[in-house]
Amino acid sequence: MNNKEWKNRIAEQDDLCVGIDLGTTNSVLAVINQKPNKDLVSKVVGIPRATDITYAVSSETRLTTERKATLPSCVYYREERNYETVVGDFAKKQYSLRPHLVAKSIKSQMGKAEAEGLSPDIPDKTPAQIAARILEHMLKNVSKIYKHEITDAVITVPANFDSSMCKATKDAARLAGIQVMNQDGSERPVLLSEPNAVIYDLINQIQNGEIPDCILDLSQKKNVMVFDLGGGTLDITLHEIKRREERPEILKVDEIATNRYTLLGGDDFDEELARAMYTRYIRQYADHPEAVEAIQKRQKEILRQLQVYAEYLKLELNERCSEEYSSGWDDEEEENWISVGGNMGGIGYSYDDQFSREEVEAVFEPFMARRLIFADYKKIEQISDTRNIIYPILDVLKKAADKLGREVIVDAVVLNGGMSKFYMVQNRLRQFFGFDPIVALDPDQAVARGAAVYHYYLHQYEELQEDMRLDGMAEGEGMAEMPKRPEPAIEWGSNILNDSLYLGAKNGAVSMIIPTGAVLPYTSKRMTGFQIEPGQNQIAIPIKSQNLDGSYRMITRGNIRFGKNYPNGAFVAFTVQMGKSKIITMNAWTSRDEQGLEKIEEGFIELAVGEERETTSKTKFVAPKGTELKPKEEINTLLQLFRNLEKSKSRQEKSNISKRIKANVGSICSAGNKEDFAEPILEKLGEIREEEARMRFFTIARRLGAAWSAAEKRKLARLCIDQLSMELNGMSDNGPKVSTNNQAIYALGICGEERDWKRLYVLHDRSCYLQACLYAHARSKTALDWLLAEFQKDIRQAEQGRSSNLQFSAYAVGIALRREEGAPVVEKKTEEDVVKKLTAAIQRGNLGKEELICSLLALGWICDQRQEESRLPASLLQEVLETVRDVGYYAKGFLEQDARKVQEVVEKLINGEHLDEEEEQFLLTKLEG
């Protein structure tokens, strides 16, 4: 960046440093004042807001306003004034009376396509638009106070906000007039995670002497956990804070781990208490059936009103239990009860009640998870109770332990968020960690103050922030015109992704695209093995995050469009990028090869915010090999394709459906959870009668069956014998059943017993079943005399240049003689003879492509020295190795790619070298046939 560009970048920033905590319950704005001694004082600004409304004689309304530090995050749309907005206290009061006109807790809906529970006549539809109203109210009023238009600010978000939530928050900032992009098109650092803001505020107060450093001694490296329990979310992050060795005055803050998105906060406590009140409300009128009926009919509306009373009860209880409360529960003149209730908004039946401390605590007790202890993070996968304040802590500890490779130590816990002030929460955390947590001086304001500190450092030390770094400036260039920068106190290090992101594929399958703990900004490696279905040129791209219960939720979705149509399908490769603000971008292209190297064309990417928003395309990726698929969904899709094939009229339509069937079968056969398909496949084989479908299901069974249980294999063997019954009893059928019968024979190779394989003898002379019988006997290592005789016959015919079945018999001999656990299946002399004949056949140079590949594979399997040395003579092994290396010469200099790959793998087998994952998969595919 040259001097002119640097000046332009600085000119885009306002002098006023502003931090905004856009909260679920309340929002706060802070600014920075720098004292003459260089201390940075982060000050919360009182925001004017309407607290009440009065009606004049002329019927005009007047709003009573007041300035307070915290602004309720509520927006009231005044129906009588064309839905003019009122933000703050008065809006909050209207919620119990006109809930359809009040947006409340909108932060919990960020990332959704539409806001919930509001009148359809309200012009603002999305959570981003509503959040923008809150931001706009704050910015306009502060601009008036400072007589300076504010277009530059930092807004905080939970560290566990996902991509769509961050994108929605950034959209809200833009709608409110905050610049989110620089003039050069680069992204501005508008968002900051709330735990980081808390840390920055704490460090700044320690640096200023506002907090004694004995509370948190930062002279040594510390692991500090921020526990931020607000109105709607629980944000927990573990940070490493250490001083830079070369510049100890600088404290570097790195994120180690963050909990996954947790919708748990003060609102949930209020809702639980409101439900308890509702039960007691009905009980109060138990002797009046008409009252109970009226209450039950308006349950939803009543629960909203009871939440207001619940919040009051919670706050009152907390005040009485706090150390600062002068009276407390022990005052003899004060009863140990809190009265609550009042008018229920015109229902006609008031709610009058009182709660004891024990009764309220009983309602909140499930959130405390008393049975969980610190060490439970080591067995977190066994914990099913996740809706509490402790499980997310264990989630962070487990991620930190996995990342650091050692047991986790937490040196300090900093509490923030309005709900963290509740005495039960503080007591439970004290019990869990074994030491007193640090309570922010004012948890309601710490986030905004820390964001303002961060904003100040963005202005002063732009080289510390990647988006604003002075890249490429030669030493001394333009320095005379740049302001001298004071020594920094904080350096922000790495930001991380709280939880893995997944790409949704067909039928609910998912593939991880960004792992948990990835340091941001992040660019994925090339993601390969995905496919576009035959006949398509567009793919839906749902991006998902995993919930605590193991299910997945959509966070971003969109489409990839290609210019060409792919009648036979195509491989698709892509990369995914995520910036520090967690906004996702993608690059995608079609390819001729599975690894994405032979690019055909780039795709056009469209990404949208909102889990409910529909995409143009319904066609999703075909998942890569090894992906865990959902058996029920995959099989239902396949059956529907068969039904479509039966109904299709035109040849082209039949061809397209057949291609899709083949692609679906291939996808199922390469599933990573083969054992899960046993029950549904066996069930369908016992039901379906359509020959094409039966053939495909037998194909799937023989490709997956090796991973099934003994009982499931036995059931498959019975189904195979039933399929072959006519042929085994001498009643030949040369029709469509031949293909199905062949697949049943193949399947017997991995599931049959001795009596089953002997029954195949009657089929040995049937040329249409020869290949399948060779394979079945090779896999089961039975009828070896017959198998070897077929091989010898084919070798003789190949020597004479005559047509043969060598590719089948050579392949079968290789599998049969493949060295596995146990004694060799043939004598050493027989094994030597087979190897010599295969070597000589290759050296003659008259083998076709398939014969050559199968002969090479057979040599590789028989001469494999990875587990133990071969019993073949060293001289013979050397001749085999030289033949394999020179196979291009014997193939008359022409060696196709598949044969070349076989050559490379076979050479490794003979040398006893380790195969990489791709080569192992390649060999397994060849072994399965």
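How each quantity is defined
Residues numbered from 1 in each chain as written. Predicted model: local features only at pLDDT ≥ 70, side-chain atom pairs only at ≥ 80, totals over all residues. Heavy atoms only, no water. Helix = DSSP H or I, 4+ residues; strand = E, 2+ residues; numbered from the N terminus. Buried < 20%, exposed > 50% of the residue type's maximum accessible area, 1.4 Å probe, protein only. Contact = heavy atoms within 4.5 Å. Lys, Arg positive; Asp, Glu negative; His and termini not counted. Charge placed at Lys NZ, Arg CZ, Asp CG, Glu CD. Pairing = 2+ DSSP bridges. Axes fitted to C-alpha atoms, helices over the stretch in contact; angles between N-to-C directions. Salt bridge = Lys/Arg side-chain N within 4 Å of Asp/Glu carboxyl O. Core = buried A, V, L, I, M, F, W, Y, C linked by side-chain atoms within 4.5 Å. Expected span 1.5 Å × (residues − 1). Bend = angle between axes of the 7 residues up to and from the residue. pLDDT = per-residue confidence, 0-100. Parallel < 35°, antiparallel > 145°, perpendicular 65-115°, else oblique. Nonpolar A, V, L, I, M, F, W, Y, C, P; charged D, E, K, R; others polar. Phe/Tyr/Trp six-rings, centres within 6.5 Å; stacked < 30°, edge-to-face > 60°. Lys NZ or Arg CZ within 6 Å of the ring centre and 35° of its normal. Polar contact = N/O pair within 3.5 Å; in protein donor to acceptor, adjacent residues only side chain to side chain. Right-handed = clockwise from strand over helix to strand, strands pointing away.

I would appreciate a short explanation of the overall build of the protein chain in the present structure.
A tally of regular secondary structure across the protein chain gives 28 helices and 32 strands. Here the protein chain, with 929 residues, has 56% of them falling under the buried criterion. Taking as baseline every contact in the protein chain between residues at least 6 positions apart, the subset at least 24 positions apart corresponds to 66%. For the protein chain, the centre of its 124 positive side-chain charges and the centre of its 145 negative side-chain charges are spaced 5 Å apart.

Honestly, the sheet that holds strand S8 (residues 84–87) in this entry has me stumped. Any pointers?
Remark on secondary structure: sheet strands pair via backbone hydrogen bonds, oriented parallel or antiparallel. If you trace the three strands from one edge of the open sheet to the other, you get S8-S7-S9, paired in antiparallel fashion. Every other strand in the sheet has two partners, leaving S8 and strand S9 (102–104) as the edge strands with one partner each. Each neighbouring strand pair of the sheet contributes to a mean axis angle of 20°, computed without reference to strand direction. Here strand S7 (residues 74–78) pairs with S9 via three bridges, running antiparallel. Paired with Cys 74 across the two strands is Lys 104, which belongs to S9.

What should I look at first to understand the sheet that holds strand S12 (residues 222–229) in this one?
With mixed pairing, six strands are arranged side by side in an open sheet as S18-S17-S12-S13-S14-S19. Strands at the two margins of the open sheet, each flanked by one partner only, are strand S18 (438–439) and strand S19 (490–492). Sheet strands in contact with helix H11 (residues 423–433) are S12, strand S17 (412–416) and S18, and its direction is about 150° off that of S12. Those strands touched by helix H12 (residues 446–460) are S12, S17 and S19, and its axis lies near 90° from that of S19.

What am I meant to see in the pattern of salt bridges here?
Inspection of every chain in the model, using the stated rule, returns 56 salt bridges. For Arg 660, the salt bridge goes to Glu 533, with nearest N and O atoms at 3.6 Å. Linking Arg 660 in helix H14 (residues 651–669) with Glu 533 in the loop between strand S25 (527–532) and strand S26 (536–540), this pair joins segments that are 127 residues apart in sequence. Arg 660 sits in the partly exposed class, given a relative accessible area of 26%. Glu 533 sits in the buried class, given a relative accessible area of 4%. Through salt bridges with shared partners, a single ionic network connects Arg 78, Glu 80, Arg 81 and Glu 84.

Got a minute to help me understand the nonpolar core in this structure?
Side chains of a nonpolar character, in soluble globular proteins, are inclined to be buried together. Counting residues in each nonpolar core, the largest one holds 133 residues, and the members touching the most others are Phe 574, Phe 621 and Leu 716. Here this core takes nine residues from helix H24 (residues 849–862), the largest share from any one element. Other than its neighbours up to four places away in sequence, Phe 574 contacts Leu 503, Ile 513, Lys 525, Arg 526, Met 527, Phe 530, Met 586, Asn 587, Ala 588, Trp 589 and Phe 621. With 65 residues, the next largest nonpolar core counts Ala 274, Ile 295, Leu 415 and Met 424 among its residues.

I'm lost on helix H23 (residues 828–844) in this one. Help?
Side chains three or four residues apart in an α-helix point the same way, a direct result of the helix having 3.6 residues per turn. With 17 residues, H23 should cover 24 Å at 1.5 Å per step; its first-to-last C-alpha distance of 25 Å lies within 8% of that length. Among the residues making up H23, those that are buried are Glu 831, Glu 832, Val 834, Val 835, Leu 838, Thr 839, Ala 841 and Ile 842. Buried residues belonging to H23 abut helix H21 (784–799), helix H22 (806–816), H24, helix H25 (874–885) and helix H26 (887–890). Just downstream of H23 lies Gly 845, where phi reads positive at about 75°.

It is not clear to me how the pairing of strand S1 (residues 18–21) should be interpreted in this structure. Could you clarify?
Consecutive residues of a regular strand have side chains that alternate between opposite faces of the sheet. Residue alternation in S1 divides its side chains into two sets, Val 18 and Ile 20 and Gly 19 and Asp 21, and both sets are buried. Sheet analysis places S1 next to strand S2 (residues 26–34), joined by four bridges and oriented antiparallel. Bridge pairing links Val 18 to Val 31 in S2. Between S1 and S2, which pair antiparallel and follow one another directly, the connecting turn spans four residues.

Please explain the environment of Leu 263 as it appears in this structure.
Structurally, Leu 263 can be placed in the loop between strand S14 (251–258) and helix H6 (266–284). Separated by 159 residues in sequence, Leu 263 and Lys 104 place their C-alpha atoms 15 Å apart.

Which parts of the structure should I look at to understand helix H17 (residues 710–728)?
Of all the bends found along H17, the most pronounced is centred on Asp 722 and spans about 35°. Restricting attention to buried positions, one finds in H17 the residues Arg 714, Leu 716, Ala 717, Leu 719, Cys 720, Ile 721, Gln 723, Leu 724, Glu 727 and Leu 728. For H17, the elements touching its buried residues are helix H15 (678–685), helix H16 (691–704), helix H18 (737–751) and helix H19 (754–759). Directly after H17, the chain includes Gly 730, whose backbone phi takes a positive value near 85°.

Teacher, can you tell me more about the confidence of the model for the protein chain here?
Interpretation of this model should avoid reading the predicted coordinates in detail wherever pLDDT is low. Considering every residue of the protein chain, the mean pLDDT works out to 87; 91% of them sit at 70 or more. Throughout residues 324–328 the model reports pLDDT below 50, and contacts reaching past four residues in sequence, or to other chains, amount to six contacts. The low-confidence segment residues 611–616, where pLDDT is below 50, has 15 contacts with residues more than four positions distant or belonging to other chains.

Would you mind going over the packing of H6 against helix H7 (residues 289–297) with me for this structure?
The relative placement of two packed helices comes down to the angle between their axes together with the axis-to-axis distance. For the pair H6 and H7, interaxial distance at closest approach is 9 Å and the crossing angle is 155°. Classed by the angle they form, the pair H6 and H7 counts as roughly antiparallel. Every residue of H7 that contacts H6 at Tyr 278, Tyr 281 and Ile 282 is listed here: Val 292, Ile 295 and Gln 296. Of the residues belonging to the contact of H6 with H7, the class tally is five nonpolar, one polar and no charged.

Would you mind showing me how to read unusual backbone geometry here?
For residues besides glycine, phi is generally negative; the peptide bonds are generally trans as well. The step from Leu 520 to Pro 521 runs through a cis peptide bond, and the omega angle for that step is 0°. Mapping Pro 521 onto the fold places it in the loop between strand S23 (519–520) and strand S24 (522–523). We note that Lys 147 has phi near 50°; this positive angle belongs to a residue other than glycine. Tracing the chain through its elements places Lys 147 in the loop between helix H3 (127–146) and strand S10 (154–157). Even without being glycine, Asn 507 reaches a positive phi, approximately 55°. If you trace the backbone, Asn 507 turns up in the loop between strand S21 (501–504) and strand S22 (510–514).

Even after reading the chapter, I still don't get the packing of aromatic side chains, so can you show me in this structure?
Each pair of aromatic rings is reported with the distance of its centres and the angle of its planes. Per the counting criterion, the structure on display carries 25 aromatic pairs. Consider the rings of Phe 433 and Phe 435, whose centres lie 5.7 Å apart with planes at 35°: the pair is tilted. Overall, the relative accessible area of 12% leaves Phe 433 in the buried class. Residue Phe 435 is classed as partly exposed on the basis of its relative accessible area, which comes to 26%. Ring centres 5.5 Å apart and planes at 70° place the aromatic pair Tyr 456 and Tyr 457 in the edge-to-face group. Residue Tyr 456 is classed as buried on the basis of its relative accessible area of 6%. Put simply, the rings of Phe 269, Phe 364, Phe 367, Phe 422 and Tyr 423 touch in pairs and so form one group of aromatic residues. Directly above the ring of Tyr 95 sits Lys 104, whose terminal nitrogen or CZ lies 5.2 Å from the centroid. Above the ring of Phe 355, the side-chain terminus of Arg 280 is found at 3.8 Å from the ring centroid.

How should I be thinking about the side chain of Asp 89 in this particular structure?
Counting through the fold element by element, Asp 89 comes out in helix H2 (residues 89–94). Owing to a relative accessible area of 14%, Asp 89 belongs among the buried residues under this scheme. Of note is the side chain of Asp 89, whose polar atom sits 2.7 Å from the side chain of Arg 49. Excluding residues that lie within four positions of it along the chain, Asp 89 makes contacts with Arg 49, Ala 50, Thr 51, Lys 68 and Pro 72.

Would you take a moment to explain the environment of Met 527 for this structure?
Locating Met 527 in the fold gives a position in strand S25. Look at Met 527 and you get buried, because its relative accessible area is 9%. In the structure, Met 527 is positioned 61 residues away from Ala 588 in sequence and 9.3 Å away in space, judged by C-alpha atoms.

What am I meant to see in the pairing of S17 here?
Counting buried positions along S17 gives five out of five residues, so the element sits mostly inside the fold. In the sheet, S12 pairs with S17 via five bridges, with the strands oriented parallel. Across the sheet, the residue bridging to Phe 227 is Leu 415, located in S17. Both S17 and S18 contribute to a ladder of two bridges, which runs parallel. Among the inter-strand pairings, Val 414 is bridged to a residue of S18, identified as Ile 438. Traced from S17 through H11 to S18, the parallel crossover comes out right-handed.

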